[in-house]
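Results of the structural survey
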Amino acid sequence: MTAADLSRVDVPLADLIARVDALTVLRRARMTAGLLAEDRHQCDPADAIFAQLPCPHPELCSTSADYPGFDAWITQQQTLNTAARRTR
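Residues numbered from 1 in each chain as written. Predicted model: local features only at pLDDT ≥ 70, side-chain atom pairs only at ≥ 80, totals over all residues. Heavy atoms only, no water.

A few points about the overall build of the protein
From N to C terminus, the protein includes four helices and zero strands. The linear arrangement of helices and strands in the protein, starting from the amino end, is α-α-α-α. Computed over C-alpha atoms, the radius of gyration of the protein comes to 28 Å, more than 25% over the 12 Å expected from 2.2 N^0.38 for 88 residues, which places it beyond the range of a compact globule. Reported as C-alpha extents along the three principal axes, the dimensions of the protein are approximately 75 × 45 × 20 Å. Relative to its 88 residues, the protein shows a buried fraction of 0%. The protein carries 9 positive and 11 negative side-chain charges, and their two centres are separated by 10 Å. (Helix = DSSP H or I, 4+ residues; strand = E, 2+ residues; numbered from the N terminus. Rg over C-alpha atoms; globule rule 2.2 N^0.38 Å. Buried < 20%, exposed > 50% of the residue type's maximum accessible area, 1.4 Å probe, protein only. Lys, Arg positive; Asp, Glu negative; His and termini not counted. Charge placed at Lys NZ, Arg CZ, Asp CG, Glu CD.)

Re the packing of aromatic side chains
In the structure shown here, the tally under the stated rule is one aromatic pair. Here Phe-70 and Trp-73 contribute two aromatic rings whose centre-to-centre distance is 5.8 Å and whose plane-to-plane angle is 35°, an arrangement assigned as tilted. With Phe-70 and Trp-73 both in helix H4 (residues 70–86) and three residues apart, this pair spans about one turn of that helix. Take Phe-70: its relative accessible area is 40%, and that puts it in the partly exposed class. For Trp-73, a relative accessible area of 44% gives the class partly exposed. (Phe/Tyr/Trp six-rings, centres within 6.5 Å; stacked < 30°, edge-to-face > 60°.)

Re the environment of His-41
Among the structural elements, His-41 can be located in helix H2 (residues 13–42). In the structure, His-41 is positioned 38 residues away from Thr-79 in sequence and 35 Å away in space, judged by C-alpha atoms.

Things to note about the environment of Met-31
Relative to the helices and strands, Met-31 is located in helix H2. For Met-31, a relative accessible area of 52% corresponds to the exposed category. Taking C-alpha positions, Met-31 is 18 Å from Cys-43, a pair spaced 12 residues apart along the chain.

Considering a nonpolar patch on the surface
A cluster of nonpolar side chains, namely Leu-13, Leu-16, Ile-17 and Val-20, defines an oily patch on the protein surface of about 370 Å² accessible area. Mapping Ile-17 onto the fold places it in helix H2. (Patch = residues over 30% accessible without salt bridge, like charges linked within 9 Å, V, L, I, M, F, W, Y side chains within 5 Å. Areas by Shrake-Rupley, 256 points an atom, 1.4 Å probe, with all protein chains shown as cover. Salt bridge = Lys/Arg side-chain N within 4 Å of Asp/Glu carboxyl O.)

What to know about the environment of Val-11
One can find Val-11 in the loop between helix H1 (3–9) and H2. With a relative accessible area of 28%, Val-11 lands in the partly exposed category.

This is the structure:
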């Protein structure tokens, strides 16, 4: 890199501070927009309806009898997972 190259990328400190301040404002605006979107999602009036969808049809829900041995297998997997996390 030459002195000429540096002169093209070198900016006064005031400009750099202004750019950082602008990026900070943009980041805060995006964070605020994201939090507001999440709040709107949490207050979605259709969530309660969606949560009740499987309830009217218990005959269509699977049970332990549909998957013999699964309970023992999932218990074993959880035990292995717990043991692996404790050794880290």
